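One letter stands for each residue in the lines below.
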2 protein chains.
Amino acid sequence: MTTKAIVFDAYGTLFDVQTVAVATEAAFPGHGEYITQVWRLKQLEYSWLRSLMGRYQDFRVVTGDALRYTLGTLGLPTDAAVVEPIVDAYDTLSPYSETEQALRQLGQYRLAILSNGSPNMLDALVRNSGLARYFQAVISVDAKQAFKPDPRAYELVQERLGVRPQEVMFVSSNGFDVAGARGFGFKVARIERVTPAALRQELAAAQIGPAAMYRALRSQTEMLDLAPDAVVQSLLDLPGLLGTRPDAPP
Amino acid sequence: MTTKAIVFDAYGTLFDVQTVAVATEAAFPGHGEYITQVWRLKQLEYSWLRSLMGRYQDFRVVTGDALRYTLGTLGLPTDAAVVEPIVDAYDTLSPYSETEQALRQLGQYRLAILSNGSPNMLDALVRNSGLARYFQAVISVDAKQAFKPDPRAYELVQERLGVRPQEVMFVSSNGFDVAGARGFGFKVARIERVTPAALRQELAAAQIGPAAMYRALRSQTEMLDLAPDAVVQSLLDLPGLLGTRPDAPP
């Protein structure tokens, strides 16, 4: 089946969530690494748990709740004046260094984002990054009130783009999202941002700290019986995977 | 509404999942702490993700998959001959030191377990611990093919015990389970096995390793808008909470 659309996850796939470390370290010097990692882990947990309990809440709220939990473990202040400016770092996450070049090379496809982010988070992020012009649609799961990997979230692609699941190449670095998208019926390319060898080397160090624990938990292919169709190291490997000439005009 | 039944979570509430550290350290000396913590974190993740994707799998399989993921991050062998004996450690988890005394003091209530564990895991665990006689029912979520905190899992209490949600005191040390049970309509007592002060002290240490990360992620009240009705430090605080004479005959 011909691929008609390429749909990207946002956080961790096109945009680097670790960018928030600047904000967490500036707010709480010496705690940036710990806060950044626990915050992201709890943010994902809360999205899964809320979907599972049928208690969806806007991702900006979930992100704030996860940060408040994290700051609470250290006994740090959790009032809105502290939390909200740090949460706002999600509006200005940096794209990965190769993101724009890859999007440009894939211009002959219909490109879209499908993200857990709320509409206002995604609007701000895409606008601030200067990448808005590459996407035919920026889709938030908010319309379904269910976070990925709930299958309802993935239904939005067909509803918004008019393409069938088999016509979609879904791209994510997040193992749970890879599994969810495969289970739904998309073709899936996994961006492997941390190779097994690199992770093994990191874990062989004397101390396994918060950042290593984060990568241990989040960076490898999940054992959920739903392997990706392809694993690549970078977004720039996608044109080759799809048989697209890298220099094709958009 | 009078409490008629007390329903306990098993893993982490009546039984100490950290008991498996003996098996992981014996199998892979020097890696026991890391494996134990990442394994438990992935086991819970996989239960949530499978429920969310509608791809339930027996908890013994989920537990094995989580262990294989964990061993894989270290480049260790993941064949059945290695994994299965370690997974079997779940059949002989130690009860907490106060578990039997607390169950004895609560004998005038109908006592039950509601656990993610598969029927064969729970049968073995309860039999091996010598605690079987205290329970009117040992209920596995397997009958619903959905893990906690999916509301369907909690429906089993009424179906098996014939008590309404308001007549149930649900007891768990797991924050996600506290939230799920409260959202479902049970009264909920949370066993706080790690106080905020103890966690803060642990996180103030120079190095935050895997065990500290586990406790940071799993031991505090979750920010899911579903607070427990009561927080106690030990199962032995339950009789006082319920107004039961601790020396009441069973």
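In this text, all values refer to a predicted model and were calculated from it rather than measured experimentally.

1. Section: the sheet that holds strand S8 (residues 230–232) of chain B
All names here are of chain B.
And step 1. Overall, parallel pairing links the six strands, which are arranged S5-S4-S1-S6-S7-S8 in an open sheet. Unpaired on one side and paired on the other, strand S5 (137–140) and S8 mark the two borders of the sheet. Strand-to-strand twist across the sheet, computed as the mean angle between neighbouring axes with direction ignored, equals 25°.
And step 2. Bridging between strand S1 (residues 5–8) and strand S4 (residues 110–115) involves four bridges; their strand directions are parallel. Residue pairing across strands places Ile-6 opposite Leu-111, the latter belonging to S4.
And step 3. Across the sheet, helix H7 (residues 151–161) is in contact with S1, S4, S5 and strand S6 (168–172); its angle to S4 comes to roughly 150°.

2. Examining the relation of the copies chain A and chain B
And step 1. Note on the identical chains: chain A maps onto chain B by a rotation of 180° and an axial translation of 0.0 Å, with an RMSD of 0.0 Å. Here the symmetry operator amounts to a two-fold rotation axis. Residues of chain A ranked by C-alpha distance from the rotation axis are headed by Gly209(A), positioned 2.6 Å from it.
And step 2. Here 100% of the interface residues in chain A have copies in chain B that are interface residues too; the copies meet face to matching face.

3. Some details on the interface of chain A and chain B
And step 1. Listed per partner, the contact involves 45 residues of chain A and 45 residues of chain B.
And step 2. Summing both sides of the interface, chain A and chain B together bury roughly 4,300 Å²; the carbon and sulfur share of this comes to 69%.
And step 3. It is Leu52(A), Met53(A) and Met223(A) that lose the most area in chain A upon contact with chain B, and together they represent 17% of the buried surface on that side.
And step 4. Measuring nitrogen to oxygen at the nearest pair gives 2.8 Å for the salt bridge that ties Asp225(B) to Arg50(A).

4. With respect to the packing of helix H9 (residues 196–203) of chain A against helix H10 (residues 210–218) of chain A
Residue and element names in this part refer to chain A.
And step 1. Remark: H9 packs on H10, axes separated minimally by 10 Å, with the N-to-C direction vectors making an angle of 145°. At the point where H9 passes H10, the crossing takes the left-handed sense. Only Ala-211, Ala-212, Arg-215 and Ala-216 of H10 make contact with H9, whose side of the interface consists of Leu-199, Glu-202 and Leu-203.
And step 2. In terms of residue class, the contact of H9 with H10 is made up of five nonpolar, no polar and two charged.

5. Describing the pairing of strand S2 (residues 110–115) of chain A
All names here are of chain A.
And step 1. Of all six residues that make up S2, five are buried, and the element is covered over most of its length.
And step 2. Looking at chain direction, S2 and strand S3 (residues 137–140) are connected through four bridges and run parallel. Directly across from Ile-113, in S3, lies its bridge partner Val-138.
And step 3. Handedness of the crossover joining S2 and S3 through helix H6 (residues 119–129) is recorded here as right-handed.

6. What about helix H10 (residues 210–218) of chain B?
Given 3.6 residues per turn, any residue in an α-helix points the same way as the ones three and four places further on.
And step 1. Along H10(B), eight of the nine residues are buried, which leaves the element largely enclosed by surrounding structure.
And step 2. On its buried side, H10(B) packs onto helix H2 (32–53), helix H3 (59–73) and H10 of chain A together with helix H2 (32–53) and helix H9 (196–203) of chain B.

7. Things to note about the sheet that holds S2(A)
Picture the strands of a sheet paired through backbone hydrogen bonds; they go either parallel or antiparallel.
All names here are of chain A.
And step 1. Taken together, the six strands give an open sheet; going across it, the order is S3-S2-S1-S4-S5-S6, and neighbouring strands pair in parallel fashion. If you trace the sheet from one side to the other, it starts and ends with S3 and strand S6 (230–232), each paired once. Going from strand to strand, the sheet's axes swing by 25° on average, the running direction of each strand aside.

8. What to know about the domain arrangement of chain A
It is common to give the size of an interface as the accessible area that goes away when the parts come together.
Residue and element names in this part refer to chain A.
And step 1. Entries for chain A in the domain assignment read domain 1 (5–16 + 95–241) and domain 2 (18–91).
And step 2. Computed over C-alpha atoms, the centres of domain 1 and domain 2 are 21 Å apart.
And step 3. In total, about 2,200 Å² of surface goes out of reach between domain 1 and domain 2, with carbon and sulfur atoms giving 61% of it.
And step 4. Among the residues of domain 1 in contact with domain 2, Met-121, Phe-147 and Tyr-214 are the three that bury the most area, contributing 32% of the side total.
And step 5. For the pair domain 1 and domain 2, the number of links is zero salt bridges.
And step 6. The tally of links from domain 1 across to domain 2 stands at eight residue pairs in polar contact (both at pLDDT 80 or more).
And step 7. Contributing elements (two or more residues each) for the side of domain 1 that touches domain 2: H6 and H10.
And step 8. Here the residues of the side of domain 1 that touches domain 2 are counted per class, giving 13 nonpolar, eight polar and four charged.

9. Overview of the packing of aromatic side chains
And step 1. Here the structure, examined in full by the defined rule, presents 24 aromatic pairs over all chains.
And step 2. Centre to centre, the rings of Tyr11(B) and Phe59(B) are 5.8 Å apart; their planes meet at 20°, and the pair counts as stacked. Taken together, the positions of Tyr11(B) in the loop between S1 and strand S2 (15–16) and Phe59(B) in helix H3 (residues 59–73) put the pair 48 residues apart, joining distant regions of the chain.
And step 3. Residues Tyr154(B) and Phe186(B) carry aromatic rings whose centres are separated by 6.1 Å and whose planes lie at 80° to one another, so their mutual orientation is edge-to-face. Of this pair, Tyr154(B) sits in helix H7 while Phe186(B) sits in the loop between helix H8 (175–184) and strand S7 (187–191), placing them 32 residues apart in sequence. There is no split in this pair, since Tyr154(B) and Phe186(B) are both buried.
And step 4. Every member of this aromatic cluster is reached through a ring pair, and the members are Tyr11(A), Trp39(A), Tyr56(A), Phe59(A), Tyr90(A) and Phe147(A).

10. Notes on the pattern of salt bridges
Residue and element names in this part refer to chain B.
And step 1. Following the criterion strictly, the structure yields 42 salt bridges over all chains and no others.
And step 2. Glu-167 is paired through a salt bridge with Arg-164; the nearest N and O atoms lie 3.3 Å apart.
And step 3. Its relative accessible area of 4% is what places Glu-167 among the buried residues.
And step 4. On the basis of relative accessible area, Arg-164 is assigned to the partly exposed category, the value being 41%.
And step 5. The residue Arg-182 makes a salt bridge to Asp-229 at a minimum N-O spacing of 3.9 Å.

Quick notes on the rules
Residues numbered from 1 in each chain as written. Chains lettered and ligands numbered in written order. Predicted model: local features only at pLDDT ≥ 70, side-chain atom pairs only at ≥ 80, totals over all residues. Heavy atoms only, no water. Pairing = 2+ DSSP bridges. Helix = DSSP H or I, 4+ residues; strand = E, 2+ residues; numbered from the N terminus. Axes fitted to C-alpha atoms, helices over the stretch in contact; angles between N-to-C directions. Contact = heavy atoms within 4.5 Å. Least-squares fit on C-alpha atoms with pLDDT ≥ 70 in both. Buried area = accessible area lost by both parts, 1.4 Å probe. Salt bridge = Lys/Arg side-chain N within 4 Å of Asp/Glu carboxyl O. Left-handed = near helix turned anticlockwise from the far one by under 90°. Nonpolar A, V, L, I, M, F, W, Y, C, P; charged D, E, K, R; others polar. Buried < 20%, exposed > 50% of the residue type's maximum accessible area, 1.4 Å probe, protein only. Right-handed = clockwise from strand over helix to strand, strands pointing away. Domains from an automatic or database assignment. Polar contact = N/O pair within 3.5 Å; in protein donor to acceptor, adjacent residues only side chain to side chain. Phe/Tyr/Trp six-rings, centres within 6.5 Å; stacked < 30°, edge-to-face > 60°.

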